[in-house]
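Residue-level listing of the chains:
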Amino acid sequence: GAIATMQFTKKYPSTVLRLVYSSAIRVQSGTAVTGRWYFMIDGLECRTPSKIDVSIYNNNGDNDHNPSVLLGICEQTSAGPIGVGDHSITVNVGHVPGHSDGDAYSGYRSTSLIEVQEMCPQF
């Protein structure tokens, strides 16, 4: 589910969004487990150029909180190009298909942030 949310107003029709989430993250259990952190825009994952996500695997019950950065460019979701106007940007934690879920945690004794930049599409 959603762990962090911010509102963003896109001003120009031909731009793309650069999304950044920074935090200390971990996934823990006594067995082999995974957790997936990912961005959604208005409830949909980015589709073009790709999803923006990271997965962590833990096999021995370690409780290491690792500083991590989730970063990517989003041109469009399954609903099409991201249009001008207000948008809800969320960072979510969820399931990795084919793996057991662990206890995923974000932000342990650290500042977490979401950053959104509107950029010209010439990367």
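Predicted model only: the values in this text are computed from it and were never measured.

Definitions and limits used
- Residues numbered from 1 in each chain as written.
- Predicted model: local features only at pLDDT ≥ 70, side-chain atom pairs only at ≥ 80, totals over all residues.
- Heavy atoms only, no water.
- Disulfide = S-S within 2.5 Å.
- Helix = DSSP H or I, 4+ residues; strand = E, 2+ residues; numbered from the N terminus.
- Buried < 20%, exposed > 50% of the residue type's maximum accessible area, 1.4 Å probe, protein only.
- Pairing = 2+ DSSP bridges.
- Axes fitted to C-alpha atoms, helices over the stretch in contact; angles between N-to-C directions.
- Salt bridge = Lys/Arg side-chain N within 4 Å of Asp/Glu carboxyl O.

Colleague: What exactly am I supposed to notice about the state of the cysteines here?
Modeller: What we call a disulfide is simply a covalent bond connecting the sulfur atoms of a pair of cysteines. Taken as a whole and assessed by the stated rule, the structure comprises one disulfide. A sulfur-sulfur separation of 2.3 Å characterises the disulfide bridge that pairs C46 with C74. Across the S-S bond linking C46 and C74, the dihedral sits near 110 degrees, which makes this disulfide right-handed. On the criterion of sequence distance, the pair formed by C46 in strand β4 (residues 46-48) and C74 in strand β6 (residues 66-74) is long-range, its members being 28 residues apart. Each member of the pair, C46 as well as C74, carries the same accessibility label: buried. This cysteine, C120, is not joined by any disulfide, and C74 carries the nearest cysteine sulfur, 16 Å off. Given a relative accessible area of 52%, C120 falls into the exposed group.

Colleague: Would you explain the sheet that holds strand β5 (residues 53-58) in this entry?
Modeller: Sheet strands associate in pairs through backbone hydrogen bonding, adopting either a parallel or an antiparallel arrangement. Ordered in space as β1-β9-β3-β5, the four strands form an open sheet in which the pairing is antiparallel. With partners counted over all chains shown, the strands left at the sheet margins are β1 (2-10) and β5, one partner each. Going across the sheet, the axis of each strand differs from the next one's by a mean of 10 degrees, ignoring polarity. Looking at chain direction, strand β3 (residues 33-41) and β5 are connected through six bridges and run antiparallel. The partner of W37 across the bridge, within β5, is V54.

Colleague: Which parts of the structure should I look at to understand the pattern of salt bridges?
Modeller: Side chains carrying opposite charge are able to pair once their charged atoms draw close together. Counted according to the given criterion, the structure contains four salt bridges. A salt bridge links R18 to E115; the shortest N-O distance between them is 3.5 Å. Within this pair, whereas R18 is found in strand β2 (residues 16-28), its partner E115 is found in strand β11 (residues 113-119), the two being separated by 97 residues in sequence. Here E45 and R36 are joined by a salt bridge, their closest N and O atoms 2.6 Å apart. Using a relative accessible area of 10% as the deciding quantity, one classes R36 as buried. Taken together, the salt bridges that share partners define one network made up of R36, E45 and D53.

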